[in-house]
Amino acid sequence: MIDRRSRYRTTPVVTVDDTRAGSHPLFDLRETPTTTSVFQVTPTDSDRLDLLAFLYYRDPTRFWRICDASPHLDPFDVLAPGEPLPIPPDK
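Computed from a predicted structure; not experimentally measured.

Caption draft 1: Representation of the pairing of strand E2 (residues 22–27) in the model. Here strand E1 (residues 13–18) runs beside E2; their pairing, made up of six bridges, is antiparallel. The residue bridging valine 14 from the neighbouring strand is leucine 26, located in E2. Turn length for the E1-E2 hairpin, with the two strands adjacent in sequence and antiparallel, is three residues.

And the structure:
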């Protein structure tokens, strides 16, 4: 069961056949949604994605929403201070 807040909640599951171990259910490829940000934040040295997600969504695990809104941001990247970061609406 996928949590309703997960980024994968609408991603279809496909079954992949493995000749050695049988079939495996896997997520199909997920397209990054296009979003229009409500506003932009300029991170400081102490900001992290999980902290921003908690600040704007009250849930640190929703950091992926911020990553999806920025095509150049990887969840494991360190935020660049002074570089504007889009914050999408909380859906």
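What follows picks up the thread again.
Caption draft 2: Representation of helix H1 (residues 49–57). Within the sequence span of H1, burial applies to Leu49, Leu52, Ala53 and Tyr57. Axial view of H1: buried residues confined to an arc of 100 degrees, hence all on one face. The elements touched by buried residues of H1 are strand E3 (39–41), helix H2 (63–69) and strand E4 (85–87). Looking one or two residues beyond H1, the residue adopting positive phi is arginine 58, at roughly 60 degrees.

Caption draft 3: Here's a closer look at the layout of surface pockets. By volume, the second largest pocket amounts to about 170 Å³. Residue lining of the second largest pocket: Pro43, Ser70, His72, Leu73, Asp77, Val78, Leu79, Ala80, Glu83, Pro84 and Leu85, and that is the complete set. Here the residues of the lining of the second largest pocket are counted per class, giving seven nonpolar, two polar and two charged.

About the thresholds
- Residues numbered from 1 in each chain as written.
- Predicted model: local features only at pLDDT ≥ 70, side-chain atom pairs only at ≥ 80, totals over all residues.
- Heavy atoms only, no water.
- Pairing = 2+ DSSP bridges.
- Helix = DSSP H or I, 4+ residues; strand = E, 2+ residues; numbered from the N terminus.
- Buried < 20%, exposed > 50% of the residue type's maximum accessible area, 1.4 Å probe, protein only.
- Arc of directions from axis to C-beta.
- Contact = heavy atoms within 4.5 Å.
- 1 Å grid on protein atoms, 1.4 Å probe; cavity = no way out; pocket = protein on both sides within 12 Å on 5 of 7 lines; lining within 4 Å.
- Points joined across faces, edges and corners; volume = space filled by probe spheres on them.
- Nonpolar A, V, L, I, M, F, W, Y, C, P; charged D, E, K, R; others polar.

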